[in-house]
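Geometric and topological summary
One letter stands for each residue in the lines below.
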Amino acid sequence: MRLKRFTAWATGGAPSAVRPIHAAMKMVPFFASVRAKVLAASLVLLLIPVVGLLFVRELAIYLRSGQEQVATAAVRLVAASLSDRPEINLRAIAGPTGAPSPAADGAANAAELAAAVATALERERIVAFFSASEPETVASLGNNYQPNKQVERILNQSGVRGGRIWVVDAVGQVRGLSGSLRVIPATKDVGKPAGEQQPRGWSLLLAPISRQIMPHVMPMVTEMLRDADTIPLVMAQAQRAAIGESSARWRMLPDKVALLSVAAPIWQQDNIVAAVVIEETDAQYRNVAKGAAESVITITLIVFIVVFGVLVAFVFRLATRLSRLQREANRAIDPQGRVRGDIRHTHDRDEIGALHETLRAMVARQAGYNSYLEQLAARLSHELRTPVAVVRSSLDNLRDAAIPDDDRKFLARADEGVARLSQIISRMSEATQLERMLQGAHRQRVDVVALVGGCVAGYQQTFLSRRFLFSADTDICFVDVAPDTIAQMLDKMIENAIDFATVDTPITLRVLAQEAVPSGTVGRNVAISIENKGPLLPGDIGDVEALFDSMVSKRAADHAQTNAAHLGLGLYIARLIAEFHHGSIRAENLPGGDGVKFSVTLSCSRA
């Protein structure tokens, strides 16, 4: 243990200022640490998938717009291929190809021809029903389904895939129906919209996420349909096209798939005789957007995990280095500012490494300066002894010489000054010797009650003008201490109490066993207190703590009971001894407001 507090005496600084600096060296809460801040900042990486999904949404909008343009061009092409075809009569129900018209045969054969036409049409309806891609749709049309072979042949050759084509005449009869909105029943995707496939591989893992984000990625469609609403809406759109109103409408099917229906009129010369309606789902384009969204999710998820992991590892490494540097700096300097160790050398060449080396150099310089200050007291006491001895011998010679009686008072004052100077040198040497003694002190297991009682008996014989009271709440309490240092600590505290105690008032010493309160203590604690009547302590807690610093003495002329020189080392030495035994010392005013109490807490040993 080294004597740091002579720094204040030599430099005029405030030694107590070191404590707040050391007290600030504490663990930083996690949510206020660099780790938490960088982790929170890393969440900005979540903007990557958000931006990717916004891009996919724009892609889906462009795909839907392109699908609408392609469907519009396809419906116009089909309408053009059916327009101005004399062989295709869409004005009225046509008979089989090559059959004579009822108006040309005369009235005699009208009934036979009408029956033949009806039979042929029924045969065509039956054949069309069984060959239809969606028999349930044909069945729901009933007698409104009057197919035309040439029309359906052209529809089948139109090249439209993944959709359904309607040809509706002016009276609302379906003259042609081709295609389907459903997949072929032979696959596992029965009942699924055309083009929609079951997820596999990574898509299977990301399917739950895709189902949640796809409604937000795909453009919204406000008009919702039921299964029974499809045919009436197609008929209504065909009727509007039959009066020259082409249209394109988006609707949402019950299975959350968007349906596009585009209608265009069929012309015969200058008259509109029918309408073509093409229905397509966005399943194919939805799969494209879904695949893009899954790719974005997969890539951004991998990038996020990798980048986030690298950032976390990097930040935790930086935080670990800073925490290690904090611990090393905290261990290097004790609460009183004494250098206890060193900061190890680092090979890092970044800013933290530079800070590490700077702190290491600062601690080394402070250690050297502390060593110089610690040796300063011993050097001064050694160097001052010789001139003090010379002055003392000179005064002795003057005392033997014949000098006037009026001048002897000056000689007495010089003797008093030399005595005070010698006392100061002795106490400086005492503090230095205490440091060395504590370094080699050996602890023993002693009864603290008997130890304090023996010291009290010695005080009663030494200070005859004072009265001492001693009490203990336990008979035996063993403590592992260096007995001589404990006795020296009590001597310093008793000297302080005698200096401030009011005349004819007792000085009370107590030994109290108490439960361990400070962290790190084992078993019970024992408190040694010294009480005296007299002036109170200053009201500021900082001034009270400063009493235990070196070279601090708060003595008024009317309170000092002795004329001895006071360097403010007594309570400082008492604090050094208490801290050497892992204890604490404190001062407080008595509850009655008529005196003060100094208490030392030591950790007891288990019996």
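So, how was this worked out
Residues numbered from 1 in each chain as written. Predicted model: local features only at pLDDT ≥ 70, side-chain atom pairs only at ≥ 80, totals over all residues. Heavy atoms only, no water. Helix = DSSP H or I, 4+ residues; strand = E, 2+ residues; numbered from the N terminus. Buried < 20%, exposed > 50% of the residue type's maximum accessible area, 1.4 Å probe, protein only. Contact = heavy atoms within 4.5 Å. Areas by Shrake-Rupley, 256 points an atom, 1.4 Å probe, with all protein chains shown as cover. Pairing = 2+ DSSP bridges. Salt bridge = Lys/Arg side-chain N within 4 Å of Asp/Glu carboxyl O. Axes fitted to C-alpha atoms, helices over the stretch in contact; angles between N-to-C directions. Parallel < 35°, antiparallel > 145°, perpendicular 65-115°, else oblique. Left-handed = near helix turned anticlockwise from the far one by under 90°. Nonpolar A, V, L, I, M, F, W, Y, C, P; charged D, E, K, R; others polar. Expected span 1.5 Å × (residues − 1).

Before going further, it helps to spend a moment on the overall build of the protein chain. The secondary structure content of the protein chain amounts to 17 helices and 12 strands. Expressed as a percentage of its 607 residues, the buried residues of the protein chain come to 40%. Looking at the protein chain alone, contacts between residues at least 24 apart form 70% of all its contacts between residues at least 6 apart. When the accessible surface of the protein chain is totalled, it reaches about 32700 Å², and 59% of it is carbon and sulfur.

Before going further, it helps to spend a moment on the pairing of strand β2 (residues 174-179). Here β2 lies mainly inside the structure; 5 of its 6 residues are buried. The hairpin turn running from strand β1 (residues 163-169) into β2, its antiparallel successor, is 4 residues long, and Gly 172 in that turn takes a positive phi close to 85°.

Another aspect to go through is the environment of Gly 454. Along the chain, Gly 454 falls in helix α14 (residues 448-462). When its relative accessible area of 43% is taken as the criterion, Gly 454 is described as partly exposed. Sequence-wise, Gly 454 and Ala 487 are 33 residues apart; in three dimensions their C-alpha atoms are separated by 9.4 Å.

A few words on the pattern of salt bridges. Per the stated rule, a full pass over the model turns up 13 salt bridges. Residue Glu 357 pairs with Arg 360 through a salt bridge whose shortest N-O separation is 3.8 Å. A residue pair is termed a helical-turn pair when its members lie 3 or 4 positions apart in one helix, as Glu 357 and Arg 360 do in helix α12 (residues 351-400) at 3 residues. Judged by its relative accessible area of 23%, Glu 357 is partly exposed. On the basis of relative accessibility, which here comes to 27%, the residue Arg 360 falls in the partly exposed class. Of the charged contacts, one joins Arg 586 and Glu 588 as a salt bridge, the two residues approaching to 3.3 Å between their closest N and O atoms. The class for Arg 586 is partly exposed, based on a relative accessible area of 46%. For Glu 588, a relative accessible area of 26% translates into the label partly exposed.

A word on the packing of α14 against helix α15 (residues 483-500). Helices that pack against each other are described as a pair by the angle of their axes relative to one another and the distance between those axes. Where α14 contacts α15, the axes come no closer than 11 Å and their chain directions differ by 45°. One element, α14, and the other, α15, form an angle in the oblique class. As α14 packs across α15, the resulting crossing turns out to be right-handed. In this structure, α14 contributes Leu 451, Val 452, Cys 455 and Tyr 459 to the contact, and α15 contributes Pro 483, Ile 486, Ala 487, Leu 490, Asp 491 and Ile 494. Broken down by class, the residue content of the contact of α14 with α15 amounts to 9 nonpolar, no polar and 1 charged.

Let's shift gears to helix α10 (residues 230-242). The terminal C-alpha atoms of α10, which comprises 13 residues, lie 18 Å apart, in line with the 18 Å expected from a rise of 1.5 Å per residue. Among the residues of α10, Thr 230, Leu 233, Val 234, Met 235, Gln 237, Ala 238, Ala 241 and Ala 242 are the ones counted as buried. The inward-facing, buried residues of α10 contact α7 (135-141), β1, β2, β3 (247-252), β4 (258-268) and β5 (271-281). After α10 finishes, the residue Gly 244 shows a positive phi value of roughly 95°.

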